[in-house]
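# Breakdown of the fold
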Amino acid sequence: MALMTAQEYIDSLRKLNTRVYMFGEKIDNWVDHPMIRPSINCVAMTYALAQDPQYADLMTVKSSLTGHTINRFTHLHQSTEDLMNKVKMQRLLGQKTASCFQRCVGMDAFNSVFSTTYEIDEKYGTHYHENFKKFLTFVQDNDLTVDGAMTDPKGDRSKAPSQQADPDMYVHVVERRPDGIVVCGAKCHQTGSINSHWHIFMPTISMGEADKDWAVSFACPTDAEGMYMIYGRQSCDTRKMEEDASIDVGNAKFGGQEALVVLDHVFIPNEYIFLNGEYEFAGMIVERFAGYHRQSYGGCKVGVGDTLIGAAALAAEYNGVEKASAVKDKLIEMTHLNETLFCCGIACSAQGFKTKAGNYQIDLLLANVCKQNVTRFPYEIVRLAEDIAGGLVVTMPSQTDFNSDTVVGRNGETIGEICNKFFAAREGVKTEDRQRIMRFIENLCLGAAAVGYRTESMHGAGSPQAQRIMIARQGNIQGKKQLAKDIAGIKD
Ligand SMILES: Cc1cc2nc3c(=O)[nH]c(=O)nc-3n(C[C@H](O)[C@H](O)[C@H](O)COP(=O)(O)OP(=O)(O)OC[C@H]3O[C@@H](n4cnc5c(N)ncnc54)[C@H](O)[C@@H]3O)c2cc1C
């Protein structure tokens, strides 16, 4: 099958029997649910852009497995140029959606599981790599979206999986059969889980021998028997359920999505297993997936940052202050921070290298530096956007008020007329446009999209300390001490 169109992707979701719960109830038509649909539109954009000749070079690529044209989101990176194109593609998607477009976790899982399974097979003579190649060929040929499921609930963070009071705190094998395994547990914070066709499950930490049953990686369809999802709340999410609130939502078309994914005795046939007890490889999958995902943020968050910088510049223009040197300087600072993140994404890609399995991996140190900056810079960009926009971002009446015919003034003015009068700014600028840009900024800084732009920048792909541990490991302080000794003339 060729590349799917955006509409075919949306229609394909309707055919799945995905079990979705929200506000304590099962949602049957989740594809059209007003709180979920924006996140589906976002993933649909990864399909739509792949159909656009303007973006063909960035969005599509020749498969290393089949030679067919595939969506880059299903690709195994074959060069440092591929790695850089990945980051550029993510920036583009961020610019087009101003949201988390969710399909990156699967792409990062493909590349890390591909190279790790090769090395497990090399050591143990297992067949995980062949299993994975067959699975990925199926994904590429059908242009599927796959969730990369890594983060377990983790219970007591000071204890290993096998030491937890409740063994389900990490996904684990509860039964081994000749034809496969049965797994239990859950994954938290799963981005794009509901609107993915399949999931790849991976361990979330390095493991020891006692954790063998928890050292497991596999693929399974999103509607597998025993699997269900509970939808994650986002700030201001129920605005999407209100009538007449498309401006108040801030970004009515696009949004991100996270869910708790539960595995309640799910059977996984042998052909979909990529790790099953080889505990010493759990850490390798984690490190590689986290590395790719930390690179990803040097693209996606930058694209979203572009839209926020643009919105702040518009807010300044609508307020009549765009020529003030202090405002210009703030926009320069926002741009500087945003482009620094992009530099990091491109740098860790340009310094990438070939794995034993043949695909390309990013430079781990630089990818961790990239993500460490991502845990900080979007927060400063948000601070500057709020500074430029003014307090109206959080104090403006609702769209219903702006549209209201209720008379309040002595001369018969309606609530709508009063709002339009007092929230007008520069002459020639429609109050509604000002309203739209303020809500857009609110959405990214404090609303539903802040999930993807702020908190995901902090914790997604690992909390800041996880990067600092990797920077400590990769930073080669010993080598740097030697450099200093050599020049300072210190002999051991
Ligand atoms: C918006 C969003 C989207 C996400 N999407 C995905 C996804 O698609 N797939 C996926 O697999 N995951 C996803 N994640 C999960 C993300 O990787 C985790 O949030 C991250 O690894 C942190 O885990 P946690 O949230 O459980 O926080 P915790 O592990 O509870 O960490 C909280 C704090 O405690 C510290 N801490 C934790 N353990 C220890 C310890 N043993 N010793 C000392 N300090 C410790 C951390 O450094 C951190 O500062 C997403 C997260 C967010 C917020």
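If you're wondering where the values come from, they're calculated on a predicted model, not measured in any experiment.

## Side note on the packing of aromatic side chains
Summed over the entire model, instances satisfying the criterion amount to 13 aromatic pairs. Each ring, one from F132 and one from F135, has its centre 6.3 Å from the other, and the planes form 55 degrees; the classification is tilted. A residue pair is termed a helical-turn pair when its members lie 3 or 4 positions apart in one helix, as F132 and F135 do in helix α6 (residues 128–142) at three residues. Side by side, F132 and F135 carry an identical accessibility label, which is buried. Considering the side-chain rings of F135 and W198, the 5.3 Å spacing of their centres and the 55 degrees angle between planes classify their relative orientation as tilted. In this pair, F135 sits in helix α6 while W198 sits in strand β8 (residues 198–201), placing the two residues 63 residues apart along the sequence. For F135, a relative accessible area of 2% gives the class buried. Classification of W198 by relative accessible area gives buried; the value is 10%. One aromatic cluster is present, built from ring pairs that chain together F132, F135, F138, W198, Y272 and F274. Above the face of the Y47 ring, R103 is positioned so that its terminal group lies 4.2 Å from the ring centre.

## A few points about the side chain of N111
Mapped onto the fold, N111 is located in helix α5 (residues 104–124). Non-local contacts of N111, meaning those with residues more than four positions away in its chain, are made with H75, L76, H77, Y292 and N359.

## Some words on the site of the ligand
If you check the shell around the ligand, you find 18 residues, and the closest are M150, T151, K154, R157 and T191. Contact between the ligand and M150: an oxygen atom at 2.8 Å from a main-chain N or O atom of the residue. Contact distances for the ligand include 2.6 Å between a nitrogen atom and a side-chain N or O atom of T151. For the ligand, whose unbound accessible area comes to 960 Å², protein coverage reaches 66%. Those elements that place two or more of their residues in the shell around the ligand are β5 (146–149), β7 (180–191) and α15 (450–459). Residue classes in the shell around the ligand are distributed as five nonpolar, nine polar and four charged.

## As for the sheet that holds strand β1 (residues 20–22)
An order of β2-β1-β10-β11-β7-β6 is seen for the six strands of this open sheet, with the pairing classed as mixed. The outermost strands of the open sheet, each flanked by one partner alone, are β2 (25–26) and β6 (172–177). Pairing of β1 with strand β10 (residues 227–231) involves two bridges; the strand directions are parallel. By the bridge assignment for β10, V20 is matched with M229.

## Details of the side chain of T204
One can find T204 in the loop between β8 and β9 (216–221). Of note is the side chain of T204, whose polar atom sits 3.3 Å from the backbone oxygen of M150. Those residues in contact with T204 that lie beyond four places of it in its chain are M150, T151, D152, K154, Y170, K187 and V286.

## Overview of the environment of V20
Turning to its location among the elements, V20 is positioned in strand β1. Here the alpha-carbon distance between V20 and V43, two residues 23 residues apart in the chain, equals 18 Å.

## Concerning the domain arrangement of the protein
Examined at the domain level, the protein breaks down into domain 1 (7–282) and domain 2 (287–475). On a C-alpha basis, the centres of domain 1 and domain 2 stand 25 Å from each other. If you look at the interface, domain 1 gives 49 residues, while domain 2 gives 49 residues. It is V87, R91 and I247 in domain 1 that bury the most area against domain 2; as a group they hold 19% of the surface buried on that side. Elements with a minimum of two residues in the side of domain 1 that touches domain 2: α4 (80–97) and α5. If one sorts the elements of the side of domain 1 that touches domain 2 by residue count, α5 sits on top with 12 residues.

## Describing the nonpolar core
Membership of the largest hydrophobic core comes to 67 residues, with the highest contact counts inside it found for F135 and I200. The leading source of residues in this core is α5, at six residues. Sequence-distant contacts of I200, that is, excluding residues within four places in its chain, are made with A109, F110, V113, F132, F135, V146, D147, G148, A149, S217, F218 and A219. Of all hydrophobic cores here, the second largest spans 59 residues; its members include L49, V87, A389 and C419.

Conventions adopted
- Residues numbered from 1 in each chain as written.
- Predicted model: local features only at pLDDT ≥ 70, side-chain atom pairs only at ≥ 80, totals over all residues.
- Heavy atoms only, no water.
- Phe/Tyr/Trp six-rings, centres within 6.5 Å; stacked < 30°, edge-to-face > 60°.
- Helix = DSSP H or I, 4+ residues; strand = E, 2+ residues; numbered from the N terminus.
- Buried < 20%, exposed > 50% of the residue type's maximum accessible area, 1.4 Å probe, protein only.
- Lys NZ or Arg CZ within 6 Å of the ring centre and 35° of its normal.
- Contact = heavy atoms within 4.5 Å.
- Near = heavy atom within 4 Å.
- Polar contact = N/O pair within 3.5 Å; in protein donor to acceptor, adjacent residues only side chain to side chain.
- Areas by Shrake-Rupley, 256 points an atom, 1.4 Å probe, with all protein chains shown as cover.
- Nonpolar A, V, L, I, M, F, W, Y, C, P; charged D, E, K, R; others polar.
- Pairing = 2+ DSSP bridges.
- Domains from an automatic or database assignment.
- Buried area = accessible area lost by both parts, 1.4 Å probe.
- Core = buried A, V, L, I, M, F, W, Y, C linked by side-chain atoms within 4.5 Å.

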